[in-house]
Amino acid sequence: MTSRSLPLTKSVLATAVGLATILGDAKIALAQLEEVTVTARRVVENLQDVPVTVQALSSETIRDYNIFDFNDMNNQVSSLNIYTLGPTQPSVNLRGIQGDAVNAANDEPVSVNLDGVSHSSAQLFRFGLFDVQSVEVLKGPQALFFGKNSPGGIIAVRTKNPTEEFSGDFLGGYEANGERYFGHAILSGPLTDNWGARVGFRYEESDGLYNNIWGDGDPTATQPVDATGPQYEDFMFNGTLRGEWENFDITFKAYNANREGGQYNAVGIKVCNDATPILNPFSDCKISDDFSAADAFTVPPGNSVFAADEPTFEYELTQLTMDINYQFNENWSVNSITGWIDLTNFLFGNVGARPVENIDGGLFQGTDIAVESFSQEFRVTGDYDNWRINTGVFFDDRETVQGGQAWIAPFFKLIPDSEGTVKGESWSIYGQFEYDLNDLWTISLGARYTDEDRSVSGRNLESFAPLNLGGVVVPEGPWVLSQPDINYTNLSPEFVLSYRPTDNMMFFASVKEGFKSGGYNLALLDAAPTTLTQAPLDNTFEEETVLGFEVGAKMELLDNTLRINTTLFSYNFEDLQQAAIFQSPEGGIILRTINAGEANTQGIEVDFAWNTPVEGLTFTGNATYNDSEFDDYVSQCNEFQIFVDPAGCNVDVDGSLATDAGGLLAGTGFDAQDRAGHQLRRAPEFSGSLTATYETAVSESWRLRFNLQATYTDDSRLDGENNPWAVQEDYWIYNGFVGLYSTSSGWSFDLMVRNITDEAVAIDAFDLSRSNLPGIPQATAYDRNKPREIIGQISYRF
């Protein structure tokens, strides 16, 4: 731990313990904290009784802190960073572990689970939190209870069930900066003595938080159609039908979300470097609310399956769920969850966001993704004497289809249209056996065995002779694959020991293994160049495994008015799956998922909630120290090494200084850099937040509520190549809220400001230009956080 971060972490812990000691003797009658229930082990339990590191947001918390989007959870959950701006799929980072967000056929290391159904991608995070009962963030490997193994963690979302009495929830609001309108309507209640229903609709549209300055100052430039972005319309539907009897219940859920619009990449703020020889004339090269993107060109008919007249995108996600519970007796029950998911993701837009020399256009990309999956899980739980058993089987069948293309508008096509399909079948069996040694000590042992088959096929949809590939024709037709079928098996055990000295205090220690299967690359620019000679293509990557431990404490002090949970963790990852960019022998660019040899993440997390002696005043907060780095990883060189200082780009991968082996420093024989000791991507060493909430009565039936939140994030590396241009320095973000609500009529009026100081922060970065494309300026592309948002809303509930 650094000399700066360790004292700060100790200070947080010392302050919390000191407050507990001082106030423990005060004997003040305070408002107790409400019990938080979670399903971290797929049964309903008190958060403080579960020997798992989990942070939970209840429906009340989500509403009280106005958490509209999954991104807003970053301020509430320590070491969580959800980033939803990627063109292929969102990226979720937890404790420094994240997916590549470019390969739709790859599983996320931090997966998402909606109403008990596991998702292989993170597309759910593109849409808002709507009619949600709770969100649980389980940290560290989750080898047992959530379908497919997730080495980085799980984000489990539960939507609400029908209410016992007829009720309604209506809300409307407006955000001024992005001209965003939003609202929802929810109705819920009984249909018969045994059946109830709940249905909700949400609509949102926005003109965009960012300004498109393409062509500003140049009267000859074509002005873009979209002057702001990202412009979109968002529609969501939730429907639930539930039947309950004495020992049996069945729940049907239907979820649909659709978002479509233009300038999908509008928040891709392009920041030029000092060494840039050619600057975009329509960009000020600074992080701001501006971006610079031309409209798409019209692709000639028959030349592209992604033809479009202007930037456009559309994401849609549908899920159907059937959840059945049968209680044999007071000790034993069986549960069945059936899930079907259909996902589509289409976009065509300007990703270069600046002109190529002498070409009034830009770098355009088209992707078309479709995912369909079916899953079935059966689970049996029970207890006998001092034993508790939780065991089950899981099956998943899915297909992912991804097509792609890239152009430098309007004449220079980088690759032909191509389409690849990955099919996967997975089955697993799992079980946990928990035993009370005595009144204080409990031990549990569990494991999951997984068997996964995957296969791939693909086609180039047109013959093609691009300039950067030396004029060699890429043949139309099927890919020639060296490994069209692969299989992975894994056994992931877990051991947990817990100690409960009092009803309000629990300590635990666990040792866990985790696993994420390997797979195939379907990322844009991957397959086409390697099919020039029709030599067999190996587009596979290996499985990812993790082993480590956690030691934690959960405490409720001061007559249950102060809750403190803390965890010390250490995990070692082998073959960590990462996104990488390579130069093919023919001169093309390849985006690919590869395996880093070894990486580790270790640190300490603390979260707390405190109802203070001051009536109506509550503090909540979290703090994380995270020391994460690569131990063994040879990666491609970065733009700074290629164009400014080659030091560090000194690894000869193929053992011959006369040839290059996919490196980007062409002609030197040096192909890569040694990343050992480098910080993991988007993994700040220290981060934390503190929220103060105060509530008071203003009349007999009206109450006023305020909260102010401060979030701190330490320096972090944003790219995957250790580029010194891609570093975000430490920063603070402040949010504020004031609300007036009635305790009798159901009306409430809220005003909130997010990012009060309008802090401009880069949250992701990647090297945009490449040495084999002369004329494209060398620069690093950044995506930034949201600028200041001013939101007002009114709601009515009965």
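Residues numbered from 1 in each chain as written. Predicted model: local features only at pLDDT ≥ 70, side-chain atom pairs only at ≥ 80, totals over all residues. Heavy atoms only, no water.

Some thoughts on the overall build of the chain
Assigned secondary structure in the chain consists of three helices and 45 strands. Partitioning the contacts of the chain with sequence separation of at least 6, the portion at a separation of at least 24 is 69%. (Helix = DSSP H or I, 4+ residues; strand = E, 2+ residues; numbered from the N terminus. Contact = heavy atoms within 4.5 Å.)

Quick notes on the sheet that holds strand 3 (residues 54–58)
Taken in spatial order, the five strands line up as 3-9-10-7-8 in an open sheet, and their pairing is mixed. Each of the sheet's edge strands pairs with one partner strand only, and the pair in question is strand 3 and strand 8 (117–119). Geometrically, the sheet is characterised by an average inter-axis angle of 20° between neighbouring strands, direction not taken into account. Inspection of the sheet shows strand 7 (residues 110–114) paired to strand 8 by three bridges, in the antiparallel sense. When the bridges of strand 8 are listed, Val 112 appears paired with His 119. (Pairing = 2+ DSSP bridges. Axes fitted to C-alpha atoms, helices over the stretch in contact; angles between N-to-C directions.)

Here's the deal with the nonpolar core
Burial of nonpolar side chains together is a common tendency in soluble globular proteins. By size, the foremost hydrophobic cluster in this structure holds 41 residues, and its most contacted members are Met 73, Leu 80 and Ile 155. If you tally residues by element for this core, the top one is strand 21 (residues 332–350), at four residues. For Ile 155, the residues in contact, after removing those within four places along its chain, are Met 73, Leu 80, Ile 82, Val 92, Val 110, Ser 111, Val 112, Asn 113, Phe 125, Val 135, Glu 136 and Val 137. Judged by nonpolar contacts, the second largest core, of 14 residues, contains Ile 97, Val 546, Phe 569 and Leu 680. (Core = buried A, V, L, I, M, F, W, Y, C linked by side-chain atoms within 4.5 Å. Buried < 20%, exposed > 50% of the residue type's maximum accessible area, 1.4 Å probe, protein only.)

Re the confidence of the model for the chain
Averaged over all residues, the pLDDT of the chain equals 81, while 77% of them reach at least 70. Confidence drops under pLDDT 50 across residues 1–29; counting only partners more than four residues distant or on other chains, this segment forms 32 contacts. Ignoring residues within four places in sequence, the model shows residues 770–777, a span with pLDDT below 50, making 26 contacts including any to other chains. (pLDDT = per-residue confidence, 0-100.)

Details of the pairing of strand 41 (residues 731–742)
Two strands pair when backbone bridges link them, and strand 38 (residues 702–713) and strand 41 are joined in this way by 12 bridges, in the antiparallel orientation. Note that in strand 41 the partner of Ala 710 across the bridge is Tyr 734. Alignment of strand 41 against strand 42 (residues 747–754), held across six bridges, turns out to be antiparallel. In the strand pairing of strand 42, Gly 736 is matched with Val 753. Counting the residues between successive antiparallel strands, the hairpin from strand 41 to strand 42 contains four residues, one of them, Gly 746, with a positive phi of roughly 90°.

Some points on a negative patch on the surface
A cluster of acidic residues, Glu 205, Glu 233, Glu 260 and Glu 314, forms a negative patch on the protein surface. Of note, Glu 260 is situated in strand 17 (residues 248–262). (Patch = residues over 30% accessible without salt bridge, like charges linked within 9 Å, V, L, I, M, F, W, Y side chains within 5 Å. Areas by Shrake-Rupley, 256 points an atom, 1.4 Å probe, with all protein chains shown as cover. Salt bridge = Lys/Arg side-chain N within 4 Å of Asp/Glu carboxyl O. Lys, Arg positive; Asp, Glu negative; His and termini not counted. Charge placed at Lys NZ, Arg CZ, Asp CG, Glu CD.)

Focus: the side chain of Asp 451
With respect to the helices and strands, the residue Asp 451 is situated in strand 25 (residues 441–460). Contacts of Asp 451, omitting those with residues within four sequence positions, involve Glu 425, Ser 426, Trp 427, Asn 487, Tyr 488 and Thr 489.

Here's the deal with the packing of aromatic side chains
Counted according to the given criterion, the structure contains 23 aromatic pairs. Ring plane angle 85° and centroid distance 5.0 Å describe the contact between Tyr 326 and Phe 328, whose orientation is recorded as edge-to-face. Relative to Tyr 712, the ring of Phe 686 has its centre 6.0 Å away and its plane inclined at 45°; by these criteria the two rings are tilted. Here Tyr 712 lies in strand 38 and Phe 686 lies in strand 37 (residues 686–697), a separation of 26 residues in the sequence. Since its relative accessible area comes to 10%, Tyr 712 is described here as buried. One aromatic cluster is present, formed by Phe 166, Trp 702, Trp 747, Phe 749, Tyr 796 and Phe 798 through successive ring pairs. If you follow Arg 95 out to its NZ or CZ, it ends over the ring of Phe 569, 3.9 Å from the centre. (Phe/Tyr/Trp six-rings, centres within 6.5 Å; stacked < 30°, edge-to-face > 60°. Lys NZ or Arg CZ within 6 Å of the ring centre and 35° of its normal.)

Things to note about a nonpolar patch on the surface
Together, Phe 166, Phe 170, Leu 187, Val 199, Phe 201, Tyr 203, Phe 235 and Phe 798 line one region of the surface with nonpolar side chains, adding up to about 700 Å² of accessible area. In terms of residue count, the dominant contributor to the nonpolar patch is strand 13 (residues 195–206) (three residues). Of note, Val 199 is situated in strand 13. According to the relative accessible area criterion, Val 199 is partly exposed, its value standing at 31%.

Comments concerning the pattern of salt bridges
Tallied over the full model, the rule gives 30 salt bridges. A salt bridge links Arg 398 to Asp 107, with the shortest nitrogen-to-oxygen separation between them at 2.6 Å. Residue Arg 398 is located in strand 23 (residues 387–408), and its partner Asp 107 is located in the loop between strand 6 (97–98) and strand 7; the two are separated by 291 residues in the primary sequence. An identical accessibility class is assigned to Arg 398 and Asp 107; each is buried. Two residues, Arg 454 and Glu 452, come together in a salt bridge whose shortest N-O distance is 2.9 Å. Like Glu 452, Arg 454 is buried. One network of salt bridges, in which partners are shared, links Arg 41, Glu 45, Arg 388, Glu 434 and Asp 436.

Focus on the sheet that holds strand 6
The strand order across the open sheet built from three strands is 4-5-6, with neighbouring strands paired in antiparallel fashion. At either end of the open sheet lies a strand with only one pairing partner, and these are strand 4 (80–83) and strand 6. Two elements, strand 5 (residues 91–94) and strand 6, share two bridges in a ladder whose sense is antiparallel. In the strand pairing of strand 6, Leu 94 is matched with Ile 97.

Some remarks on the side chain of Glu 550
With respect to the helices and strands, Glu 550 occurs in strand 31 (residues 544–557). Within polar-contact distance, the side chain of Glu 550 engages the side chain of Tyr 571 at 3.1 Å. Beyond its immediate chain neighbours, meaning those up to four positions away, Glu 550 contacts Thr 53, Arg 95, Lys 139, Gly 140, Phe 508, Ala 509, Ser 510, Thr 567, Leu 568, Phe 569 and Tyr 571. (Polar contact = N/O pair within 3.5 Å; in protein donor to acceptor, adjacent residues only side chain to side chain.)

Some remarks on the environment of Ile 287
Assignment of secondary structure puts Ile 287 in the loop between strand 18 (270–272) and strand 19 (290–291). Note: C-alpha distance between Ile 287 and Val 761 (474 residues apart in sequence) is 7.6 Å.

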